[in-house]
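Structural features, examined
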Amino acid sequence: MDKFDQIRAFTQVVDAKGFAAASRKMGVSRSAVNKLVIALEKELNAQLLHRTTRAVSPTETGWVFYERCVEILSSLEEAERAVMQLHLEPKGSLKVNAPMTFGTMHLAPAIADFTAQYPELQVQLTLNDRFIDPIEEGFDVGIRGGGANLDTSLAMYRICDFPRVVCASPAYLQQHGKPKSPDELKQHQCVIYSL
């Protein structure tokens, strides 16, 4: 049995002053609550509750344990709320690296909208065209074009497509001929962006 379920059952019984009321509050059967409390007492090797046909009340040991359990459950709920809040409202710093042109044209405007939506999040955008090791250089997010030889241990997602266009002047095509496939570009004089 889960220790937290046992502790919750015990504190509910103390708060509700009985098993029936605790079981209604927890939405489980009275016998399920009873089993949880009995298992807890057995595990602790201590009687936590005085039980009569009319009432349930904590023993002296039960009161001491109850007070600590309330603190523990309160801390647990606070921790759960903190984690949920992080998922609801991102906070902190987000370091993003992207190519210069893509970042200037597409990310800069999107980051302005993003930071307006999440004011507790600070975005640090670094734009450069060299391939980076995001882990070694401390980036949370790296955006790169396809065909890059990226570390396969990183989580990668396709975010968009950018069609490429090959252009030539009519004079060049007249002198060297028009390529019929991308493979034929290898035989042509091309001005390319090496990165």
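Residues numbered from 1 in each chain as written. Predicted model: local features only at pLDDT ≥ 70, side-chain atom pairs only at ≥ 80, totals over all residues. Heavy atoms only, no water.

**A short note on the sheet that holds strand β5 (residues 141-142)**
So the rule is basically this: By this definition, two strands are paired if DSSP reports at least two bridges between them. Each helix is a run of DSSP H or I of at least 4 residues and each strand a run of E of at least 2, with the numbering of both proceeding from the N terminus. Contact criterion: two residues are considered in contact whenever any of their non-hydrogen atoms come within 4.5 Å of each other. Think of each axis as a best-fit line through the C-alpha atoms, taken over the contacting stretch in the case of a helix, with angles from 0 to 180 degrees between the N-to-C directions.
Strand order in the open sheet made by the three strands is β4-β3-β5, with parallel pairing throughout. Whereas interior strands pair on both sides, the edge strands pair on one side only; in this sheet they are β4 (121-127) and β5. Relative to β5, strand β3 (residues 92-98) runs parallel, the two being bridged by two bridges. Bridge pairing links V96 to V141 in β5. Strands in contact with helix α5 (residues 100-117) are β3 and β4; relative to β4, the strand with the most contacts, it is inclined by about 175 degrees.

**Considering the packing of aromatic side chains**
Rules: Ring pairs are drawn from Phe, Tyr and Trp, using the six-membered ring of Trp, whenever the two centres fall within 6.5 Å, and their geometry is named by plane angle: stacked under 30 degrees, edge-to-face over 60, tilted for the rest. We call a residue buried when its accessible area falls under 20% of the maximum for its residue type, exposed when it is over 50%, and partly exposed in between, using a 1.4 Å probe and counting protein chains only.
Inspection of the entire model under this criterion finds four aromatic pairs. Where F10 meets F65, the ring centres are 5.7 Å apart and the plane angle is 45 degrees; that geometry is what we call tilted. With F10 in helix α1 (residues 3-16) and F65 in helix α4 (residues 60-88), the pair connects residues that are 55 residues apart, well separated along the chain. The exposure class assigned to F65 is partly exposed, which follows from its relative accessible area of 21%. Consider the rings of F114 and Y118, whose centres lie 5.1 Å apart with planes at 55 degrees: the pair is tilted. What makes F114 partly exposed here is its relative accessible area of 31%. Counting every residue linked through ring pairs, the aromatic cluster contains F10, W63, F65 and Y66.

**So, the packing of α1 against helix α2 (residues 19-26)**
Operational definition: Comment on the angle field: the value is read as roughly parallel under 35 degrees, roughly antiparallel over 145, roughly perpendicular from 65 to 115, and oblique elsewhere. Note: crossing handedness is left-handed where the near helix turns anticlockwise from the far helix by less than a right angle, and right-handed where it turns clockwise. Three residue categories are used. Nonpolar comprises Ala, Val, Leu, Ile, Met, Phe, Trp, Tyr, Cys and Pro, charged comprises Asp, Glu, Lys and Arg, and polar comprises the others, including Gly.
Orientation of α1 relative to α2, taken along the N-to-C sense of each, is 120 degrees, at an axis distance of 8 Å. Classified by the angle between their axes, α1 and α2 sit oblique to one another. For the element pair α1 and α2, the recorded crossing hand is right-handed. In this structure, α1 contributes A9, Q12, V13 and A16 to the contact, and α2 contributes F19, A21, A22, K25 and M26. Residues that form the contact of α1 with α2 fall into these classes: seven nonpolar, one polar and one charged.

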